[in-house]
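Structural overview for review
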Amino acid sequence: MPPNPEFKHALQQITQQFRAPISYSIAYGSGVFPQTTNKTSSNPQLHPNPPPAIKKAQKAHPKMIDFIFGISDANTWHTINLQQHPHHYPPLLRSLGPHAISKCQENFGAGVYFHPFITVNGTLIKYGVVNLESLRRDLVSWNTLYLAGRMQKPVMVLQDNAAIRDAGRVNLISALRTALLLLHGRFTEWELYATLAGLSYMGDPRMVVGGDDPGNLRALLGGRLERFRGCMGA
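Rules behind the numbers
- Residues numbered from 1 in each chain as written.
- Predicted model: local features only at pLDDT ≥ 70, side-chain atom pairs only at ≥ 80, totals over all residues.
- Heavy atoms only, no water.
- Salt bridge = Lys/Arg side-chain N within 4 Å of Asp/Glu carboxyl O.
- Helix = DSSP H or I, 4+ residues; strand = E, 2+ residues; numbered from the N terminus.
- Buried < 20%, exposed > 50% of the residue type's maximum accessible area, 1.4 Å probe, protein only.
- Polar contact = N/O pair within 3.5 Å; in protein donor to acceptor, adjacent residues only side chain to side chain.
- Contact = heavy atoms within 4.5 Å.
- Core = buried A, V, L, I, M, F, W, Y, C linked by side-chain atoms within 4.5 Å.

1. A short note on the pattern of salt bridges
A full pass over the atoms with the stated rule returns five salt bridges. A salt bridge links D66 to K126; the nearest nitrogen and oxygen atoms lie 4.0 Å apart. One end of the pair, D66, is in strand 2 (residues 65–71); the other, K126, is in strand 4 (residues 123–131), with 60 residues separating them in the sequence. Under the relative-accessibility criterion, D66 is labelled buried at 12%. Among the ionic pairs, E133 bridges to R137, the shortest N-O distance being 3.7 Å. A residue pair is termed a helical-turn pair when its members lie 3 or 4 positions apart in one helix, as E133 and R137 do in helix 6 (residues 132–141) at four residues. Taking relative accessible area as the criterion, E133 reaches 40% and is therefore assigned partly exposed.

2. Some words on the side chain of H85
Its place among the elements puts H85 in the loop between helix 3 (74–84) and helix 4 (91–96). Side chain to side chain, H85 and Q84 meet in a polar contact 3.3 Å long. Apart from residues no more than four positions distant in its own chain, H85 is found in contact with Q17 and F18.

3. Here's the deal with unusual backbone geometry
The phi torsion at N121 lies on the positive side, around 55°, for a residue other than glycine. Looking at where N121 falls in the secondary structure, it is placed in the loop between strand 3 (112–120) and strand 4.

4. A closer look at the nonpolar core
Membership of the largest hydrophobic core comes to 30 residues, with the highest contact counts inside it found for L11, V32, F67, W77 and Y127. Elements represented by at least two residues in this core include exactly helix 1 (5–15), helix 2 (52–58), strand 2, helix 3, strand 3, strand 4 and strand 5 (155–159). With sequence-adjacent residues up to four places away left out, Y127 is seen in contact with F18, F67, F69, W77, N81, H88, Y113, F114, H115 and I118. Among the nonpolar cores identified, the runner-up in size contains 15 residues, and L132, L145, M151 and I164 belong to it.

All quantities given are derived from atomic positions and should not be read as evidence of function.
Below is the structure:
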């Protein structure tokens with residue numbers, strides 16, 4: 001399914017508010033791809049003053065929009081971002097400076113530093129920052145499966161990068177082969193994509209602590225197989 005060009009442009013404008021250089025960026029999650037669910041937003045005023053395209057796309061159920069930014073050098077990026085957006089960082093890390101923040105990003109977890117509940121262009125967002133090489137390595141080798149798993153589900157590419165695009169193809173082929181090995185005998189298209197989407201939960205630490213619900217797969221897939229067809233190049 002082709003992305004809504006006005007909505008995509010509004011998301012690109014959000015990434016352009018950052019002076020620190022971004023080499024690759026995606027938007028993902030239910031704030032970008034509405035899911036089949038009975039849940040409604042508990043706060044219709046979630047975004048203080050969103051662009052019309054975002055308001056139109058999310059309709060009466062606004063959700064925080066999630067981004068991943070691929071960057072070339074963590075220390076340089078956080079140096080610039082600290083100067084422009086110091087309030088995006090917790091006071092303790094802000095006081096420690098960009099070198100400590102970049103080490104925290106690179107040496108813990110999946111190599112991603114997340115900034116949650118940030119307002120940019122009147123829109124509530126969460127953005128994660130990752131070195132391009134860390135992202136490429138996870139896509140190709142599944143060393144944590146966190147980012148690779150995320151990118152096995154539909155994402156909206158806002159700024160492309162040839163090396164990450166190639167690694168992403170490797171990731172999707174690996175995911176498809178793994179899903180086929182996990183399935184038995186005859187299966188439906190829905191079952192194939194449900195198995196593919198389920199792989200991402202293996203790399204999500206929220207599953208360990210009960211922070212996410214694997215039942216969200218039905219909401220993610222319901223009535224939207226065309227997105228997974230596009231994701232897999234079908």
